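Listed below are the residues making up each chain.
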Amino acid sequence: MVRLSRYILVLVAVMAAATALPQLYWMIFGKPVRTPFIMYSCVDDLFMIQRTGETMVREDTRGNQYTREEYEEKLPMLYMRQLMLSGTMMDTIRGIAIDAREVNNARSTFRYKPSDRYTPDPGLYPLFEAESGRANLEMPEDYFRITWRMEFTDAKTNKVDEEKSRLFSAALYHKGFQFPAVKIAGIPTTRKSCDEGYLVVDAAHQLFHVKMVRGKPYVRNVELPEGLRFEHIACVDFRDRLYYAYLIDKGGETWILTQDDYMLVKLPVGSFNPASEDMRIYGDFFNYNVIFNGDGFVRAVALDKDFNKIDEYGETWKIRMELPEGKAFTWLFPGTLKLESPNSNFLKFRVEVNPVARWIWLSLALAALHFLLLSRGKGYTLRKNLTGHLADLAIIVVSGIFGFLAVNIFPNRFFD
């Protein structure tokens, strides 16, 4: 029992060291990566780049550098308020008269990050009245879920509204919905201009639009191309009301679902990895700017208002593990034990092993040092509890500096 307790303490110490030491290392030696901000200029029809560092650099893809004021004038859709305040806002762009109201209506911002996909499912959702006749949306008294049927439960009494549940379940069934739902996407808040319900994926990976209109169910089956399956659906509430949502399929392609006519349009921006990369979409009166950020790169794609590709620009740089501090990390540590991840909202242990096994040389050196300390120890010899000493040496070889610290903090002295 004493031996078992000791090895439990060693294991806990290894886990604690594998969590704390790499984090402390990066706090001391890590340098933040400053991703350049890239936007497409509707004035010069090229990308403008803003770099943040010791000094702010604003330039275009041709290498021309600009002052802050000149840079803002190249992006009038982004800095319209500042340009109007300074009196330098253009009256016309591309031969089109600029109206501040129309520019604001066309402006939209969307961001996807991996933690949006890897996040707990609330399980219960509010279904708002889409045509209440009121100026503001009001929270309903019940919430729904879609398992073997669409079931509404009163939030105060926790009782199921059987009549409403049967009404909506029947509407789904008659549209060919196959229970249960595998994905439910919407905007479950009153802080939106109106309610358009939810986009729901059923067990057969069909896509449905579900909302409540004057107390009655509205269900629409959206036709999908053969084999198309979506990994993530993000509903949006933009002023121009051109589409319901951005949808990301299993191949990393991005789609939009147009409003009213329910047409699926694939954006010609290429694929990305939704498990580890960010995507931002800035829409304005003339263009859509789609920007992908990942480990060691940024890529920007400009689309016109009909979602046709205009131009593309990208930059790459060395990832953290390729920098001197990253290479030193691979010599020191076998890897990292994490409880949290920037790519997920779930808490769980994650083991990230170093891709380069340089750390094995330090592990062998520490094992040799531990052997030397044992051989010179007073009051006992290696022959006593030889099995335990060999186990400690194996722990050090496998876990490196983490194991070396653990077996010395909780030394093997059962023979004393």
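These numbers come from a predicted model, not from an experiment. (Residues numbered from 1 in each chain as written. Predicted model: local features only at pLDDT ≥ 70, side-chain atom pairs only at ≥ 80, totals over all residues. Heavy atoms only, no water.)

Draft legend 1. Quick look at the side chain of Glu315. Within the fold, Glu315 resides in strand E21 (residues 309-316). Side-chain polar atoms of Glu315 contact the side chain of Arg51, separated by 2.6 Å. Setting aside chain neighbours within four positions, we find Glu315 in contact with Pro36, Ile49, Arg51, Gly296, Phe297 and Val298. (Helix = DSSP H or I, 4+ residues; strand = E, 2+ residues; numbered from the N terminus. Polar contact = N/O pair within 3.5 Å; in protein donor to acceptor, adjacent residues only side chain to side chain. Contact = heavy atoms within 4.5 Å.)

Draft legend 2. Seen up close, the packing of helix H8 (residues 359-375) against helix H10 (residues 401-409). As a packed pair, H8 and H10 sit with axes 9 Å apart at the nearest point and diverge in direction by 20°. Compared by their axis directions, H8 and H10 come out roughly parallel. The chirality of how H8 crosses H10 is right-handed. Along the contact surface, H8 presents Leu366, Leu369 and His370, while H10 presents Ile401, Phe404, Val407 and Asn408. Across the contact of H8 with H10, the residue classes tally to five nonpolar, two polar and no charged. (Axes fitted to C-alpha atoms, helices over the stretch in contact; angles between N-to-C directions. Parallel < 35°, antiparallel > 145°, perpendicular 65-115°, else oblique. Left-handed = near helix turned anticlockwise from the far one by under 90°. Nonpolar A, V, L, I, M, F, W, Y, C, P; charged D, E, K, R; others polar.)

Draft legend 3. Representation of unusual backbone geometry in the model. Going from Phe179 to Pro180, the amide bond is cis rather than trans, its omega being 0°. With respect to the helices and strands, the residue Pro180 is situated in the loop between helix H6 (162-174) and strand E10 (181-186). Positive phi, close to 55°, is recorded for Asp45, a residue that is not glycine. The phi dihedral of Asp260 is positive, around 75°, even though this residue is not glycine.

Draft legend 4. How the structure looks around the packing of aromatic side chains. For the structure shown, the criterion picks out 27 aromatic pairs. Each ring, one from Tyr25 and one from Phe29, has its centre 4.9 Å from the other, and the planes form 45°; the classification is tilted. Of the two residues, Tyr25 and Phe29 are both situated in helix H1 (residues 2-29); the distance of four residues between them amounts to about one turn of the helix. For Tyr25, a relative accessible area of 9% corresponds to the buried category. Judged by centre distance (5.1 Å) and plane angle (40°), the ring pair of Phe272 and Phe292 falls under tilted. With Phe272 in the loop between strand E17 (264-266) and strand E18 (278-283) and Phe292 in strand E19 (residues 287-294), this residue pair connects regions lying 20 residues apart in the sequence. The pair Phe272 / Phe292 is uniform in exposure class, with both members buried. Linked through ring pairs, Tyr25, Trp26, Phe29, Phe329, Phe333 and Phe402 together constitute an aromatic cluster. Over the ring of Tyr71 we find Arg58; its NZ or CZ atom is 6.0 Å from the centre of that ring. The cationic tip of Lys211 hangs over the ring face of Tyr218; the distance from NZ or CZ to the ring centre is 5.1 Å. (Phe/Tyr/Trp six-rings, centres within 6.5 Å; stacked < 30°, edge-to-face > 60°. Buried < 20%, exposed > 50% of the residue type's maximum accessible area, 1.4 Å probe, protein only. Lys NZ or Arg CZ within 6 Å of the ring centre and 35° of its normal.)

Draft legend 5. Seen up close, the packing of helix H7 (residues 324-332) against H8. Across the interface, H7 lies against H8 with an axial gap of 5 Å and an inter-helix angle of 40°. Here H7 is positioned oblique relative to H8, judged by the angle of their axes. In this structure, H7 contributes Thr330, Trp331 and Leu332 to the contact, and H8 contributes Trp359, Trp361 and Leu362.

Draft legend 6. Main features of the sheet that holds E21. Read across the sheet, five strands follow the order E6-E18-E19-E20-E21 without closing on themselves; strand pairing throughout is antiparallel. Single-partner strands in this sheet number two, and they are strand E6 (108-112) and E21. Across the sheet, the mean angle separating the axes of adjacent strands is 10° when strand polarity is ignored. Inspection of the sheet shows strand E20 (residues 297-304) paired to E21 by seven bridges, in the antiparallel sense. Along E21, the bridge assignment pairs Phe297 with Thr316. (Pairing = 2+ DSSP bridges.)

Draft legend 7. A look at the sheet that holds E17. Here we have four strands laid out as an open sheet, ordered E14-E15-E16-E17, and antiparallel in their pairing. Where the open sheet ends on each side, the last strands, each with one partner, are strand E14 (230-235) and E17. Taken pair by pair, the neighbouring strands of this sheet meet at an average axis angle of 25°, ignoring direction. Across five bridges, the pairing between E14 and strand E15 (residues 243-249) is antiparallel. Paired with Ala234 across the strands is Tyr246, a residue of E15.

Draft legend 8. Looking closely at H7. For H7, the full list of buried residues reads Glu325, Gly326, Phe329 and Thr330. Buried residues of H7, viewed axially, fall in a sector of 145°; they line one side. (Arc of directions from axis to C-beta.)

Draft legend 9. Quick look at the nonpolar core. Phe110, Tyr243, Tyr246, Leu267, Met279 and Ile281 are the most contacted members of the largest nonpolar core, which has 20 residues in total. For this core, the elements supplying multiple residues, two or more each, are E6, E15, E18, E19 and E20. Setting aside residues no more than four positions away along its own chain, Ile281 makes contact with Ser108, Thr109, Phe110, Tyr246, Leu267, Tyr288, Asn289 and Val290. (Core = buried A, V, L, I, M, F, W, Y, C linked by side-chain atoms within 4.5 Å.)

Draft legend 10. Broad picture of the pattern of salt bridges. As enumerated under the stated definition, the model contains 22 salt bridges in all. Note that Asp392 and Arg6 form a salt bridge whose closest N and O atoms lie 2.7 Å from each other. Residue Asp392 is found in helix H9 (residues 386-399), and its partner Arg6 is found in helix H1; the two are separated by 386 residues along the sequence. For Glu59, the salt bridge identified is with Arg51, shortest N-O distance 2.8 Å. Each of the salt bridges in this network shares a partner with another, and the network as a whole consists of Arg145, Arg149, Glu151, Glu162 and Arg166. (Salt bridge = Lys/Arg side-chain N within 4 Å of Asp/Glu carboxyl O.)

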